[in-house]
Amino acid sequence: MKVIETIKEMQSKATSILTSGKSIGFVPTMGFLHEGHLALIKKAREENEIVVASIFVNPLQFGPNEDFETYPRDFERDRVLAEENGVDYLFYPSVEEMYPAKMTIKLTVAKRVDCLCGRTRIGHFDGVATVLLKLFSIVRPNRVYFGLKDAQQVAVVDGLIKDFNLPIQLCPVDTVREEDGLAKSSRNVYLTGSERKEAKELYQSLLIGKERIKKGEKDPKNVVEAIQNYLNSSVSGSVEYVEVLSYPELEELRELHGRIILALAVKFSKARLIDNIIIDVDRLK
Ligand code: AMP
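Bear in mind that the values here come from a model prediction, so they are computed numbers and not experimental data. (Residues numbered from 1 in each chain as written. Predicted model: local features only at pLDDT ≥ 70, side-chain atom pairs only at ≥ 80, totals over all residues. Heavy atoms only, no water.)

## Some details on the overall build of the protein
Thinking step 1. Scanning the protein from terminus to terminus reveals 10 helices and nine strands.
Thinking step 2. The globule rule puts the C-alpha radius of gyration for 285 residues at 19 Å, and the 19 Å found for the protein is close to it.
Thinking step 3. Viewed in the frame of its principal axes, the protein has a C-alpha envelope of about 55 × 40 × 40 Å.
Thinking step 4. For the protein, the residues scored as buried account for 53% of the 285 residues in total.
Thinking step 5. Counted over contacts in the protein with a minimum sequence separation of 6, partners at least 24 positions apart contribute 73%.
Thinking step 6. Element-wise, carbon and sulfur atoms account for 49% of the exposed surface of the protein, whose accessible area totals about 14100 Å². (Helix = DSSP H or I, 4+ residues; strand = E, 2+ residues; numbered from the N terminus. Rg over C-alpha atoms; globule rule 2.2 N^0.38 Å. Buried < 20%, exposed > 50% of the residue type's maximum accessible area, 1.4 Å probe, protein only. Contact = heavy atoms within 4.5 Å. Areas by Shrake-Rupley, 256 points an atom, 1.4 Å probe, with all protein chains shown as cover.)

## Considerations on helix H2 (residues 35-47)
Thinking step 1. Counted at 1.5 Å a residue, the expected span for H2 with its 13 residues is 18 Å, and the 18 Å between its end C-alpha atoms agrees.
Thinking step 2. Those residues of H2 lying buried are Gly36, His37, Leu38, Leu40, Ile41 and Ala44.
Thinking step 3. Its buried side turned inward, H2 meets strand S2 (24-29), strand S3 (50-55), helix H3 (75-84), strand S5 (143-147) and strand S6 (169-173). (Expected span 1.5 Å × (residues − 1).)

## What to know about the packing of aromatic side chains
Thinking step 1. By the definition in use, this model includes five aromatic pairs.
Thinking step 2. The interplanar angle of 15 degrees and the centroid separation of 3.8 Å between the aromatic rings of Phe75 and Tyr92 together place this pair among those described as stacked. Of this pair, Phe75 sits in helix H3 while Tyr92 sits in the loop between strand S4 (89-91) and helix H4 (95-98), placing them 17 residues apart in sequence.
Thinking step 3. You can call Tyr92 partly exposed: its relative accessible area is 29%.
Thinking step 4. Feature note: the residues Phe62, Phe68 and Tyr71 constitute an aromatic cluster, connected by ring pairs.
Thinking step 5. The ring of Phe68 has Arg73 lying over it, and the distance from NZ or CZ to the ring centre is 5.1 Å. (Phe/Tyr/Trp six-rings, centres within 6.5 Å; stacked < 30°, edge-to-face > 60°. Lys NZ or Arg CZ within 6 Å of the ring centre and 35° of its normal.)

Given below as structure tokens:
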């Protein structure tokens, strides 16, 4: 595996790979790799001749009161994990390399962001779309791999690829969980011991919502209420949102049908955790 730190080198490597007729699978990350990231790398490895992963903690997608400075970082450990899991090129640019000057063009995500995390993380998805458009034109991937743990991000990337006619296939990957159901996340290290024990209830609450739908509940409000009640009685963190929407459009539904997402965010003392499940109501058994 080769670590590449400059845009110029990454771009010329990508060009020569594509010229030789090989496909590039790309896994963008912010590092502090865990099994969730490794599942994306594994999928990319299976489906492409060359696998590129990136590690870049993108300042543009963090709000002023968010954790950009303290976001967990451990490049040496990530480098070993990436290599062991079959990454061919690890793109690891500095902030100065990616943003040498103020941007001339500003991207604003216009749909799919007035809900879920987009409601409180103002500008977050603008920053995500900006860095991904840059990364896509640097790495020139045929396929990109994103985790459904960040389902709203997948919905935004879907819009980005379609709106700008990018010749890229979006490959969503299922959420990887701990044994007790907690979605793996780099931010789980911020949890205190007792919060970690409670954190499994996030997934449990989503399963309770799913069960209600399975039993025939069609009103999204009742599903939201069931999830919310369960969370309020089982976690000490504050529930930021519980929403049930269409997926990937992320629109409100009067009656539940088709593909939907049950999603939530809970704020613990130092960690804000998100989780979701996506189900097809008409095919639930
Ligand atoms: P991050 O480093 O948090 O920006 O995540 C990089 C990629 O890994 C994103 O596409 C995430 O959705 C994905 N990812 C993070 N956690 C998980 C998980 N538990 N399961 C599957 N994918 C994940």
